[in-house]
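Residue-level structural notes
Given next are the chains, with one letter for each unit.
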Amino acid sequence: MAVATTFIAGLLFGLGLVVSGLANPEKVQAFLDVAGHWDASLAVTMAVAVAITAAGYRAAFVRGKPWLSAGFQMPRSKAIDAPLIGGAVIFGIGWGLSGFCPGPAIVAAALGLTPAVVFVGAMLVGMMIARLFASRSSTAAKSAANTA
Amino acid sequence: MMNFTPVSAALGGVLIGLSAVLMMATMGRIAGVSGFVSRLLPPYEDLDWPIRAAFVAGLIAAPWLYRWSGMHVEINQPASIMALVIAGVLVGFGAVYGSGCTSGHGVCGIARVSPRSIIATSVFMVSGMATVFVIRHVIGG
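What comes next concerns the included structure. Because the structure is predicted, anything quoted here is derived from the model rather than measured. (Residues numbered from 1 in each chain as written. Chains lettered and ligands numbered in written order. Predicted model: local features only at pLDDT ≥ 70, side-chain atom pairs only at ≥ 80, totals over all residues.)

Check the secondary structure of chain A and you find six helices and zero strands. Here chain A has a C-alpha radius of gyration of 19 Å; the compact-globule value for 148 residues is 15 Å, and the former is much larger. Taking the principal axes of the C-alpha coordinates as reference, chain A spans close to 55 × 40 × 30 Å. A buried classification covers 52% of the 148 residues belonging to chain A. Nonlocal contacts in chain A, meaning residues at least 24 apart in sequence, comprise 42% of its contacts between residues at least 6 apart. (Helix = DSSP H or I, 4+ residues; strand = E, 2+ residues; numbered from the N terminus. Rg over C-alpha atoms; globule rule 2.2 N^0.38 Å. Buried ≥ 20, exposed ≤ 12 C-beta atoms within 10 Å, placed from the backbone. Contact = placed C-beta atoms within 7 Å.)

Turning next to the overall build of chain B. When helices and strands are tallied, chain B shows six helices and zero strands. In sequence order, the secondary structure elements of chain B are arranged as α-α-α-α-α-α. The principal-axis extent of the C-alpha atoms belonging to chain B is close to 50 × 40 × 30 Å. Per-residue burial over chain B gives 55% buried out of 141 residues. Looking at chain B alone, contacts between residues at least 24 apart form 42% of all its contacts between residues at least 6 apart.

Running from amino to carboxyl end, helix α1 (residues 2-20) of chain A crosses helix α3 (residues 49-68) of chain B at an angle of 40 degrees, the nearest separation of the two axes being 6 Å. In terms of orientation, α1 of chain A lies oblique with respect to α3 of chain B. Note that α1 of chain A runs across α3 of chain B; the crossing there is right-handed. Across the contact of α1 of chain A with α3 of chain B, the residue classes break down as 21 nonpolar, four polar and no charged. (Axes fitted to C-alpha atoms, helices over the stretch in contact; angles between N-to-C directions. Parallel < 35°, antiparallel > 145°, perpendicular 65-115°, else oblique. Left-handed = near helix turned anticlockwise from the far one by under 90°. Nonpolar A, V, L, I, M, F, W, Y, C, P; charged D, E, K, R; others polar.)

Further remarks concern the interface of chain B and chain A. Note on interface size: it is often stated as the accessible area lost on association of the parts. In this assembly, 101 residues from chain B lie in contact with 106 residues from chain A. Those elements giving two or more residues to the side of chain B that touches chain A turn out to be α1 (6-27), α2 (33-38), α3, α4 (81-97), α5 (102-111) and α6 (115-139) of chain B. For the side of chain B that touches chain A, a count of residues per class yields 70 nonpolar, 26 polar and five charged.

What follows is about the nonpolar core. Within the largest apolar cluster, 91 residues are counted, with the highest numbers of intra-cluster contacts made by Phe-91, Ala-105, Val-107 and Phe-119 of chain A together with Val-21 and Val-91 of chain B. Residues in contact with Val-21 of chain B, not counting those within four places in the same chain, are Ile-52, Thr-53, Gly-56, Tyr-57 and Ala-60 of chain A. (Core = buried A, V, L, I, M, F, W, Y, C linked by C-beta atoms within 7 Å.)

A word on α3 of chain B. Taking 1.5 Å per residue as the helical rise, α3 of chain B with its 20 residues ought to reach 28 Å, and the 28 Å between its terminal C-alpha atoms agrees with that figure. The principal kink in α3 of chain B, of about 30 degrees, is found at Ala-61 of chain B, preceding the proline Pro-63 of chain B by one to four residues. If you check which residues of α3 of chain B are buried, you get Ile-51, Arg-52, Ala-54, Phe-55, Val-56, Gly-58, Leu-59, Ala-62, Pro-63 and Tyr-66 of chain B. Elements that come into contact with the buried residues of α3 of chain B comprise α1 and α5 (102-110) of chain A together with α1 and α2 of chain B. With its phi angle positive at about 95 degrees, Gly-70 of chain B sits one or two positions after the end of α3 of chain B. (Expected span 1.5 Å × (residues − 1). Bend = angle between axes of the 7 residues up to and from the residue.)

All names here are of chain B. With an omega of 0 degrees, the peptide bond between Pro-42 and Pro-43 qualifies as cis. Counting through the fold element by element, Pro-43 comes out in the loop between α2 and α3. Its identity is not glycine, yet Ser-99 carries a phi of approximately 60 degrees, on the positive side. Residue class for Ser-99 comes out buried when judged on the 24 C-beta atoms lying within 10 Å of it.

So, on to the packing of helix α3 (residues 41-62) of chain A against α1 of chain B. Here α3 of chain A crosses α1 of chain B at 30 degrees, and the two axes come no closer than 7 Å. Comparing the axis directions of α3 of chain A and α1 of chain B gives the class roughly parallel. Handedness of the crossing formed by α3 of chain A with α1 of chain B: right-handed. Looking at the contact of α3 of chain A with α1 of chain B residue by residue, the classes come out as 19 nonpolar, seven polar and no charged.

Relative to the helices and strands, Thr-5 of chain B is located in the segment before α1. Classification of Thr-5 of chain B as buried rests on a count of 20 C-beta atoms within 10 Å. In contact with Thr-5 of chain B, other than residues within four places in its own chain, are Gly-21 and Ser-41 of chain A.

The residue Tyr-97 of chain B is located in helix α4 in this model. Ignoring anything within four residues of it in the chain, the contact list for Tyr-97 of chain B reads Pro-83, Gly-86, Gly-87, Ile-90, Ala-130, Phe-133 and Ala-134 of chain A.

Function-wise, these values are silent; they only describe arrangement.
This is the structure we're talking about:
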């Protein structure tokens with residue numbers, strides 16, 4: 001049940017990316033090109049998605065517990081730190097360069113489009129590097145905490 | 001060729017929003033694509049692999065369903081393969097290191113008014129716009 005529901009959520013998400021034009025790098029770059037022929041379409045997508053999510057989350061939290069799992073798993077970190085900012089800067093450069101972010105790249109790669117498949121392969125490498133990086137620094141932080 | 005398409009943009013936003021709400025209401029989770037994808041890779045921290053795989057499978061099925069319903073999926077990627085390799089590594093690294101991407105920070109995080117997500121989204125928007133500016137109007141100018 002949980003797997004089927006999550007599959008439907010992924011399907012809705014992917015359809016949203018295709019319908020909105022977010023799956024199309026040309027359209028994403030037109031949105032990011034504020035100094036050129038700026039295409040504001042994706043600002044509309046973001047605004048609508050955020051509004052629906054905000055309202056829906058509010059309704060979901062009223063019940064106090066999700067339907068198919070033990071509890072809400074919210075991100076715990078509150079820190080505005082260097083990884084957050086640095087990660088976002090790096091992410092934005094790659095996003096601007098290619099017009100792809102993770103969801104749209106997977107949707108495009110699913111159709112077997114070579115540029116998207118290449119991008120997703122490189123993206124997985126980047127993710128692995130970041131995870132190794134993060135687990136190493138958290139191990140370092142833990143051992144520092146232990147010795148302290 | 002590119003033009004403002006507010007109706008399809010809004011409709012896509014509705015679908016993305018519904019997906020995010022469905023994930024929270026049923027599974028109690030943020031619909032963050034980079035989080036789901038990156039945790040399909042080792043090292044494994046929990047037993048939620050099937051859930052993440054199901055979301056990604058939905059993403060993969062989506063363009064096929066759309067195409068099967070008789071619609072055309074418009075995807076034009078003008079970047080060179082070299083640029084895509086570099087961009088892919090940057091996007092993958094940045095999304096994981098910065099704890100989220102356009103979905104997790106940009107949609108879900110802003111919706112729950114998370115200061116981290118609002119800052120991350122502002123930063124990657126500006127960074128993305130600056131990159132396109134350099135490519136199109138400085139180098140390409």
